[in-house]
Amino acid sequence: METKTGKKKDSVSRRDFIKTSTAAGMATLLAGTGGIFAAGSDKIRVGVIGCGGRGTGATKDCLNASAEVEIIAMGDLFQDRLDDSLESLKKDFADRVKVTPETSFVGFDAYKKVLTCDIDLVIMAPPPHFRPMHLQAAIAAGKHVFMEKPVAVDPPGARSIIASSQLARQKGLALVAGTQRRHEVHYLEIMKRIHDGAIGEIVGGQCYWNQGELWVKEKQPGWSDMEWHCRNWLYFTWLSGDHIVEQHVHNIDVINWAIGELPVKCMGMGGRQVRTGPQYGNIFDHFAVEFEYPNGARVMSMCRQTPGCADRVAERVVGTRGVAHGHGLIEGENAYKYEGPHPNPYVVEHADLIKSIREGKPLNEGQRIAESTLCAIMGRMSAYTGREISWKWVMNESKLDLTPPEYAFGDLPVAPVAVPGQTPLV
Ligand SMILES: NC(=O)c1ccc[n+]([C@@H]2O[C@H](COP(=O)([O-])OP(=O)(O)OC[C@H]3O[C@@H](n4cnc5c(N)ncnc54)[C@H](O)[C@@H]3O)[C@@H](O)[C@H]2O)c1
């Protein structure tokens, strides 16, 4: 390797490997350094953006996935959330959490400040609305990324994630999404068999995320509208995408994975029957959507957040020779039941990400989580408007953009609850 002065450099810092690690770049570096990367022992320095429940949990999962990880910087919209998260992280990982007041940031621009710190990898777990903007900045700053699902709330957001993912690939940056089923051993075993033809041609399926209530935060005296929205983000479509996007994306992603294609169209319905108070913002409490795939297979998807009803979180794929269940079961000609160990998929996804960085074969899950997120958005748009929607239209033409007028703590009226047949398709 030649330096600017023309002298031969006989070593490359391990941190250079971690910073950017395309397979091609790796081969070149290995050729010139006698395999320094094989040592692979340098620390991966991590920043966290969005330090709530999952941000804290994902950071612990990352720390559990590798002893060679250190947490360097943190950013959140709110000081109290950051403080709670830091306290919890320090309690469990005192010697590996190296966040200081100088590397702690709050506010809407906290993400930019985290990205200016000397970090290799950033964990992103704010509400989904912010993901496209944060990912774009992280890839521009040359960071590897772990980002929670879902990754957008509207079609322009999903398109932005795809563009950032393509740039990440060009730059040799790893990008893993928090769809942990993709790293969960029994799902992997079932998918391998489906793709090897164990259930024949897929002709239909079902997927579900039916559960009771989640947390809700009533507006407190002194909170602006924007603060309330951001603290109570699950219940505002502009922030969460509604629960079909926020939760059910997991199951829709599994169906897309099994079929290996994206739906060509969908028709959905839904409403807000039980959770009608103002504390529940403007989202629905139940959806049912039929997705149609290119071979004509139809998949029924349903999701509900209503207490006192039957719960089910599952996927079922029907083929010409059998039926596969996401939880590790195949019925039919090639019956199978997964009975092996169950390593924690929340930790495995980080271990896979770190391994891919260290081996110079960066995983990139950006496009497919953007597509699955957009499938869920398409289902929501169909249910909100009552219209059938095609993938081509939602991917290429929809102009629905849920971005608020400004990111500032002030007034922000709650958008009206959608009414099928009346809410326009944009
Ligand atoms: N993979 C999974 O199984 C799983 C499980 C739970 C949550 N999630 C996802 O993780 C994400 C976060 O969910 P959560 O349960 O941790 O919610 P949470 O409310 O506990 O945490 C969100 C955090 O983001 C902060 N935040 C809000 N806006 C921000 C901004 N602009 N910049 C920086 N920080 C901001 C909030 O203050 C809060 O601390 C969501 O996308 C959710 O869907 C994934």
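Here, the structure is the one placed above.
In this text the structure is predicted, and so the values were computed from the model without any measurement.

Considering the overall build of the chain
Regarding its fold elements, the chain presents 15 helices and 15 strands. For 426 residues, the compact-globule estimate of 2.2 N^0.38 gives 22 Å, and the chain sits close to it at 22 Å. Burial statistics for the chain: of 426 residues in total, 56% are counted as buried. Looking at the chain alone, contacts between residues at least 24 apart form 75% of all its contacts between residues at least 6 apart. Only carbon and sulfur atoms are counted for the fraction: they give 53% of the accessible area of the chain, which is about 17900 Å².

With respect to the packing of helix H3 (residues 53–65) against helix H13 (residues 345–358)
Orientation of H3 relative to H13, taken along the N-to-C sense of each, is 60°, at an axis distance of 8 Å. What the angle tells us is that H3 and H13 run oblique. For the element pair H3 and H13, the recorded crossing hand is right-handed. Facing H3, whose interface residues are Arg 54, Ala 58, Asp 61, Cys 62, Asn 64 and Ala 65, H13 presents Tyr 346, Val 347, Glu 349, His 350, Ala 351 and Ile 354.

Points about H13
With 14 residues, H13 extends 20 Å between its outermost C-alpha atoms, agreeing within 8% with the 20 Å of an ideal straight helix rising 1.5 Å per residue. Taken across its 14 residues, H13 has ten buried, putting it largely inside the fold. For H13, the complete set of buried residues consists of Pro 345, Val 347, Val 348, Glu 349, His 350, Leu 353, Ile 354, Ser 356, Ile 357 and Arg 358.

As for the side chain of Thr 373
Relative to the elements of secondary structure, Thr 373 occurs in helix H14 (residues 366–385). Look at Thr 373 and you get buried, because its relative accessible area is 0%. Reaching out from Thr 373, the side chain makes a polar contact with the backbone oxygen of Ile 369 at a distance of 2.7 Å. Those residues in contact with Thr 373 that sit more than four places away from it in its chain are Pro 150, Val 151, Ala 152, Val 245 and Val 249.

Here's the deal with the packing of aromatic side chains
One pass over the full model with this rule turns up twelve aromatic pairs. For the ring pair Phe 78 and Phe 409, a centre distance of 5.9 Å and an interplane angle of 35° mean the geometry is tilted. With Phe 78 in the loop between strand S2 (69–76) and helix H4 (79–92) and Phe 409 in the segment after helix H15 (391–396), the pair connects residues that are 331 residues apart, well separated along the chain. Residue Phe 409 is classed as partly exposed on the basis of its relative accessible area, which comes to 42%. Chaining the aromatic ring pairs together yields one cluster made of Phe 78, Phe 108, Phe 130, Trp 238, Tyr 407 and Phe 409. For Arg 193, the ring lying beneath its charged end belongs to Tyr 336, and the centroid distance is 3.6 Å.

Some thoughts on the sheet that holds strand S7 (residues 202–211)
Within a sheet, each strand pairs with its neighbour through backbone hydrogen bonds, oriented either parallel or antiparallel. If you trace the nine strands from one edge of the open sheet to the other, you get S14-S13-S12-S11-S7-S10-S9-S8-S15, paired in mixed fashion. Strands with a single pairing partner mark the edges of an open sheet, and in this sheet they are strand S14 (336–337) and strand S15 (389–390). Each of S7, strand S9 (286–292), strand S10 (298–305) and strand S11 (312–319) is contacted by helix H12 (residues 249–259), which is oriented at about 165° to S7, the strand it contacts most.

Scoring rules and cut-offs
- Residues numbered from 1 in each chain as written.
- Predicted model: local features only at pLDDT ≥ 70, side-chain atom pairs only at ≥ 80, totals over all residues.
- Heavy atoms only, no water.
- Helix = DSSP H or I, 4+ residues; strand = E, 2+ residues; numbered from the N terminus.
- Rg over C-alpha atoms; globule rule 2.2 N^0.38 Å.
- Buried < 20%, exposed > 50% of the residue type's maximum accessible area, 1.4 Å probe, protein only.
- Contact = heavy atoms within 4.5 Å.
- Areas by Shrake-Rupley, 256 points an atom, 1.4 Å probe, with all protein chains shown as cover.
- Axes fitted to C-alpha atoms, helices over the stretch in contact; angles between N-to-C directions.
- Parallel < 35°, antiparallel > 145°, perpendicular 65-115°, else oblique.
- Left-handed = near helix turned anticlockwise from the far one by under 90°.
- Expected span 1.5 Å × (residues − 1).
- Polar contact = N/O pair within 3.5 Å; in protein donor to acceptor, adjacent residues only side chain to side chain.
- Phe/Tyr/Trp six-rings, centres within 6.5 Å; stacked < 30°, edge-to-face > 60°.
- Lys NZ or Arg CZ within 6 Å of the ring centre and 35° of its normal.
- Pairing = 2+ DSSP bridges.

Purely geometric numbers; function is a separate question.
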